[in-house]
Amino acid sequence: PIPSGYHLYAAGSVGTCDAVGFFNTLTIFATPVYYCSLTTYYLVQLKYNWLDRDIRAIEKWLHIVPWSLGLVAAVIGFATKAFWA
């Protein structure tokens, strides 16, 4: 956290820095991969004409992979106290 008086409007604690850093890291890592999942979904649906039952087989992975990667990155950052700087 920024020391008091160092920056105008500086406020917060280690806990708020951790929370903001955790969610920022989660979304920064998950968002681009989630876009890739959406692109994959539309590719198999529109170009390759997959049926709904075929898409359901991969759909869970199109959600699990982006959130897992984001969560792993956020937990690593939290565990190594990377958000305190």
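Residues numbered from 1 in each chain as written. Predicted model: local features only at pLDDT ≥ 70, side-chain atom pairs only at ≥ 80, totals over all residues. Heavy atoms only, no water.

K.L.:
So what exactly am I meant to see when it comes to unusual backbone geometry here?
P.N.:
Glycine aside, residues mostly have negative phi angles, and peptide bonds mostly take the trans form. Positive phi values are uncommon outside glycine, yet Asn49 reaches one of about 55°. With a relative accessible area of 58%, Asn49 lands in the exposed category. If you check the backbone angles, Lys81 has positive phi at about 55° while not being a glycine. With respect to the secondary-structure elements, Lys81 resides in the segment after helix 2 (52-79). (Buried < 20%, exposed > 50% of the residue type's maximum accessible area, 1.4 Å probe, protein only. Helix = DSSP H or I, 4+ residues; strand = E, 2+ residues; numbered from the N terminus.)

K.L.:
Looking at this structure, I do not really get the side chain of Thr25. What am I missing?
P.N.:
Among the secondary structure elements, Thr25 is positioned in helix 1 (residues 14-47). When sequence neighbours within four positions are dropped, the list of residues in contact with Thr25 reads Gly70, Ala73, Ala74 and Phe83. (Contact = heavy atoms within 4.5 Å.)

K.L.:
Teacher, can you tell me more about the pattern of salt bridges here?
P.N.:
Side chains carrying opposite charge are able to pair once their charged atoms draw close together. In total, this model carries one salt bridge according to the counting rule given. The shortest N-O distance in the salt bridge between Asp54 and Arg53 comes to 3.4 Å. (Salt bridge = Lys/Arg side-chain N within 4 Å of Asp/Glu carboxyl O.)

K.L.:
Looking at this structure, how should I read the packing of helix 1 against helix 2?
P.N.:
Relative orientation and spacing of two packed helices are given, respectively, by the angle between their axes and the distance between those axes. Running from N to C, helix 1 and helix 2 point in directions that differ by 160°, and their axes come no closer than 8 Å. By the angle between their axes, helix 1 is roughly antiparallel relative to helix 2. The interaxial crossing formed by helix 1 with helix 2 has right-handed handedness. Split into classes, the residues belonging to the contact of helix 1 with helix 2 amount to 20 nonpolar, six polar and one charged. (Axes fitted to C-alpha atoms, helices over the stretch in contact; angles between N-to-C directions. Parallel < 35°, antiparallel > 145°, perpendicular 65-115°, else oblique. Left-handed = near helix turned anticlockwise from the far one by under 90°. Nonpolar A, V, L, I, M, F, W, Y, C, P; charged D, E, K, R; others polar.)

K.L.:
Sorry, what's going on with helix 1 here?
P.N.:
An α-helical turn contains 3.6 residues, so a residue and the one three or four places further along point in the same direction. Compared with the 50 Å implied by 1.5 Å per residue over 34 residues, the 49 Å span of helix 1 between its first and last C-alpha is a close match. The largest bend along helix 1 measures about 30° and falls at Thr31, with the proline Pro32 one to four residues further on. Those residues of helix 1 that are buried lie in contact with helix 2. At the exit of helix 1 stands Asn49, carrying a positive phi of roughly 55°. (Expected span 1.5 Å × (residues − 1). Bend = angle between axes of the 7 residues up to and from the residue.)

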